[in-house]
Amino acid sequence: MRRLVALPTFLALASAAVSVTRAQASDPNMARALRVLRSAPVMDGHNDLPWRIREDTVHPMDVEAYDLRKRTPGMTDLARLKQGHVGAQFWSIYIPGEPSDGAYKSKGAVASMPGYARVQLEQIDIARRVIAKYPELQWTPTSADVRAAFKTGKIASLMGLEGGHAIENSLPLLRRYYDMGARYMTLTHNVTLDWADAALDSVKHHGLTPFGREVVREMNRLGMLVDLSHVSPGTMSSALDATQAPVIFSHSASRELVNHPRNVPDSILARLPKNGGVVMVPFVTVFVSAAVKADDDSLAAVTAASTKRHPNDATAVRAEVAAWRAQHARPTASIAQVADHIEHVRKIAGVDHVGIGSDFDGITENVVGLEDVSKFPALFAELARRGWSDADLAKLASGNVLRVLAEAEKVSARLKKTTSPSNATIEGMDRKVVP
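Residues numbered from 1 in each chain as written. Predicted model: local features only at pLDDT ≥ 70, side-chain atom pairs only at ≥ 80, totals over all residues. Heavy atoms only, no water.

1. With respect to the overall build of the protein
Phase 1 of the analysis: Looking only at helices and strands, one finds 18 helices and nine strands in the protein.
Phase 2 of the analysis: Taking all 435 residues of the protein together, 53% fall into the buried category.
Phase 3 of the analysis: Considering only intrachain contacts with a sequence separation of at least 6, the fraction spanning at least 24 residues in the protein is 73%. (Helix = DSSP H or I, 4+ residues; strand = E, 2+ residues; numbered from the N terminus. Buried < 20%, exposed > 50% of the residue type's maximum accessible area, 1.4 Å probe, protein only. Contact = heavy atoms within 4.5 Å.)

In structure tokens, the structure reads:
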């Protein structure tokens, strides 16, 4: 039975909607942002809806049950996508890089752990089924397809493979993922691979190994965007040396503003004009707010110290950490701070090299004012308030990343005329695999 909304509640919601509309109408910056987004909608670099569906606590992995026509428990549904002027989305086909992660434990009676490829294929299946289910979404594996979807008002849908562990050191598997629709691959997730160093793990290779550079070259030949979010600065630099196509950072901010290892140093930002790539700034609180980052560092230090005092007493550790938290309010991150990161990327790399990579449904804490996919216009209004031109707002929204995708396709077309699929192996190129 459908639950009816009580009349006072309905009237309150209607009144709130009218108030929002009036507020937008009275704010010339919001009005300008909405005008720009109607002609140049947002092309977001990273949304983890497929993983959110997989991990749903009521109906895990059930595409039919996770109904985007209703208000979902997460940050993404069709109504809010429309309200947010999202015209194109890279749906992340993320899988964890840690073999001990629960995702690799069978949900049935079989206790053995499948390899990365099985879980990756399941995530591709979820993403493709979501795209096929809703007429409002349109499968768009090329830049021309994305532009066509813009004209018809559909939400162009592509897939981004988050983490090179999924290819299991195999270029043939990389090619199969491309054939199934992956249009970018983040070279690592949080774990250093046999061929690439990750930002949040130990340095083993000081960038890319010879096989890692061959992975980049094969991605260039395929037309798959090289995504440098999650990798170490050494890997960023190695990839920029190896690639013939523009790169992306699907969800990374400025390390100059917040010294988080997931953010991009100015030395790398300065190389983007020559490469042509784009840094897509996320809505991740710890990446964009120095105060949130400091709070995370303090919490980690308190937890470590408590664990050292009580090595066999998790209850005592939890109690001490809870007591510390009660005395230290969690700071928040703001739209203004996200805008600061966007402007810093523009300052160092140029306005042609910045985009948006929200990380919605992959985050558990929100920037205030950017709580879900309906909120993109608020960020563009903030930038309009700071003096951004309509043309520059349009580049940020989708123009820059669309250009990068189109240029990668051109590089691919050129390379395919002279280059065959690589037969290289990690054993042959790197001599031995780092354990």
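2. Focus: the pattern of salt bridges
Note that side chains of opposite charge can pair when their charged atoms are close.
Phase 1 of the analysis: A complete count under the given rule lists 30 salt bridges for this structure.
Phase 2 of the analysis: Two residues, Arg80 and Asp77, come together in a salt bridge whose shortest N-O distance is 2.7 Å. When sorted by exposure, Arg80 lands in the same class as Asp77, which is buried.
Phase 3 of the analysis: Here Asp297 makes a salt bridge to Lys293, at a shortest N to O gap of 2.8 Å. In this pair, Asp297 and Lys293 both sit in helix H13 (residues 290–309), four residues apart, roughly one turn of the helix.
Phase 4 of the analysis: Given a relative accessible area of 40%, Asp297 falls into the partly exposed group.
Phase 5 of the analysis: Salt bridges linked by common partners bring Asp27, Asp340, Glu343, Arg346, Glu382, Arg385 and Arg386 together as one network. (Salt bridge = Lys/Arg side-chain N within 4 Å of Asp/Glu carboxyl O.)

3. A closer look at helix H14 (residues 314–327)
One turn of an α-helix holds 3.6 residues; hence residues three or four places apart share an orientation.
Phase 1 of the analysis: The terminal C-alpha atoms of H14, which comprises 14 residues, lie 20 Å apart, in line with the 20 Å expected from a rise of 1.5 Å per residue.
Phase 2 of the analysis: Along its buried surface, H14 packs onto H13. (Expected span 1.5 Å × (residues − 1).)

4. Thoughts on the environment of Leu379
Phase 1 of the analysis: Considering the arrangement of structural elements, one finds Leu379 in helix H16 (residues 376–385).
Phase 2 of the analysis: Sequence separation of Leu379 and Ser334 is 45 residues, and the distance between their C-alpha atoms is 10.0 Å.
Phase 3 of the analysis: Excluding residues that lie within four positions of it along the chain, Leu379 makes contacts with Phe283, Ile335, Val338, Ala339, Ile342, Ile356 and Leu370.

5. A word on the confidence of the model for the protein
Phase 1 of the analysis: On average, the protein scores 92 in pLDDT, and the residues at 70 or more come to 90%.
Phase 2 of the analysis: Considering each helix and strand of the protein separately, the mean pLDDT is smallest for helix H1 (residues 7–26), with a value of 47, and largest for strand S6 (residues 225–227), with 99.
Phase 3 of the analysis: Scored below 50 in pLDDT, residues 1–20 makes one contact in the model with residues more than four places away or belonging to other chains.
Phase 4 of the analysis: The low-confidence segment residues 106–113, where pLDDT is below 50, has eight contacts with residues more than four positions distant or belonging to other chains. (pLDDT = per-residue confidence, 0-100.)

6. Looking at the pairing of strand S2 (residues 86–92)
Phase 1 of the analysis: Within S2, seven of the seven residues are buried, which leaves the element mostly enclosed by the surrounding structure.
Phase 2 of the analysis: When strand S1 (residues 42–47) meets S2, the two strands line up parallel, connected through four bridges. Residue pairing across strands places Val42 opposite Val86, the latter belonging to S2.
Phase 3 of the analysis: Alignment of S2 against strand S4 (residues 155–162), held across five bridges, turns out to be parallel. Looking at the pairing, Ser92 lines up with Gly160 of S4. (Pairing = 2+ DSSP bridges.)

7. Focus on the side chain of Ser422
Phase 1 of the analysis: Note on placement: Ser422 falls in the loop between helix H17 (390–418) and helix H18 (426–430).
Phase 2 of the analysis: The exposure class assigned to Ser422 is buried, which follows from its relative accessible area of 8%.
Phase 3 of the analysis: A distance of 2.7 Å separates the side chain of Ser422 from the side chain of Glu214, its partner in a polar contact.
Phase 4 of the analysis: Ignoring anything within four residues of it in the chain, the contact list for Ser422 reads Leu171, Arg175, Glu214 and Glu218. (Polar contact = N/O pair within 3.5 Å; in protein donor to acceptor, adjacent residues only side chain to side chain.)

8. Brief notes about unusual backbone geometry
Phase 1 of the analysis: Notably, Glu168 is not glycine yet its phi reads approximately 50 degrees, a positive angle.
Phase 2 of the analysis: Along the chain, Glu168 falls in the loop between S4 and helix H7 (171–179).
Phase 3 of the analysis: Under the relative-accessibility criterion, Glu168 is labelled partly exposed at 38%.

9. Points about the environment of Ala339
Phase 1 of the analysis: Mapping Ala339 onto the fold places it in helix H15 (residues 335–349).
Phase 2 of the analysis: By relative accessible area, Ala339 is classed as buried at 0%.
Phase 3 of the analysis: Along the sequence, Ala339 and Glu382 sit 43 residues apart, while their C-alpha atoms lie 7.2 Å from each other.
Phase 4 of the analysis: Ignoring any residue separated from it by four or fewer positions in sequence, one finds Ala339 in contact with Leu379, Glu382, Leu383 and Arg386.

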